[in-house]
Amino acid sequence: MFSAQVIIPVSICVVLPVLIVWIIYHSINNRNNKNTEILIKALETNPNIDVDRLIETMSRSKKTAMDTLHTRLLRGCIFSSLGVAVSIMAGIFAYTDPESHAQNPCLIISGVSLAIGIAYLVVYFVTKKTVTDNSNRQ
């Protein structure tokens, strides 16, 4: 009835994205339920607690601005290096077998990787001054 030629693309294009969205939705929902349980327990044990401050503390991100900035720099370097490496590989393919079109997918991957890497690096250098100024003021 259904062959592997139909089942595999359908599972990759339909089932996998739906499964990813379902997992993300349920993890966020589970986190919110846990936070609600913590708030209820805190209010049961101490009714005079400052709920707004507790909610702010629970929702606060664990990463600092400098951590986020360094993550952007790392990702920019990784994607840019990957793009350069794949473009060199495409050049090698083009040099060794000019009749083959094996370099075309490599050039596409290289272009996408370089674009992502450059975007991360631009964001890093644009926000670097703002983050360092804010950290010096505090």
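For the structure, see preceding data.
**Digging into the environment of Glu56**
Right, so step 1: Secondary-structure assignment places Glu56 in helix 2 (residues 51–59).
Right, so step 2: Separated by 18 residues in sequence, Glu56 and Ile38 have C-alpha atoms that sit 13 Å apart.

**A closer look at the packing of aromatic side chains**
Right, so step 1: Tallied over the entire structure, the rule returns two aromatic pairs.
Right, so step 2: Taken together, a centroid distance of 6.1 Å and an interplanar angle of 15° make the contact between Phe79 and Tyr120 stacked. Here the residue Phe79 occupies a position in helix 3 (residues 65–96), and Tyr120 occupies one in helix 4 (residues 103–137), the gap between them amounting to 41 residues.
Right, so step 3: According to the relative accessible area criterion, Phe79 is partly exposed, its value standing at 28%.
Right, so step 4: Of the residues examined, Tyr120 reaches a relative accessible area of 26% and is grouped as partly exposed.

**Here's the deal with helix 1 (residues 4–45)**
Right, so step 1: Along its 42 residues, helix 1 runs 58 Å from first to last C-alpha, staying within 8% of the 62 Å computed at 1.5 Å per residue.
Right, so step 2: Of all the bends in helix 1, the greatest, near 40°, is centred on Ser11.

**Quick look at the environment of Thr132**
Right, so step 1: Structurally, Thr132 is set in helix 4.
Right, so step 2: For the pair Thr132 and Leu69, spaced 63 residues apart in sequence, the C-alpha separation works out to 9.9 Å.

**Concerning the side chain of Gln103**
Right, so step 1: Along the chain, Gln103 falls in helix 4.
Right, so step 2: By relative accessible area, Gln103 is classed as buried at 14%.
Right, so step 3: Of the polar contacts made by the side chain of Gln103, one reaches the backbone oxygen of Ser100; its length is 3.5 Å.
Right, so step 4: Setting aside anything within four residues of it in sequence, one finds Gln103 in contact with Ala90, Phe93 and Ala94.

**Re the environment of Gly117**
Right, so step 1: Within the secondary structure layout, Gly117 lies in helix 4.
Right, so step 2: With 37 residues separating them in the primary sequence, Gly117 and Ser80 have C-alpha atoms 4.5 Å apart.
Right, so step 3: In contact with Gly117, other than residues within four places in its own chain, are Gly76, Phe79 and Ser80.

Criteria and cut-off values
- Residues numbered from 1 in each chain as written.
- Predicted model: local features only at pLDDT ≥ 70, side-chain atom pairs only at ≥ 80, totals over all residues.
- Heavy atoms only, no water.
- Helix = DSSP H or I, 4+ residues; strand = E, 2+ residues; numbered from the N terminus.
- Phe/Tyr/Trp six-rings, centres within 6.5 Å; stacked < 30°, edge-to-face > 60°.
- Buried < 20%, exposed > 50% of the residue type's maximum accessible area, 1.4 Å probe, protein only.
- Expected span 1.5 Å × (residues − 1).
- Bend = angle between axes of the 7 residues up to and from the residue.
- Polar contact = N/O pair within 3.5 Å; in protein donor to acceptor, adjacent residues only side chain to side chain.
- Contact = heavy atoms within 4.5 Å.

That's the geometry; what it means functionally is another story.
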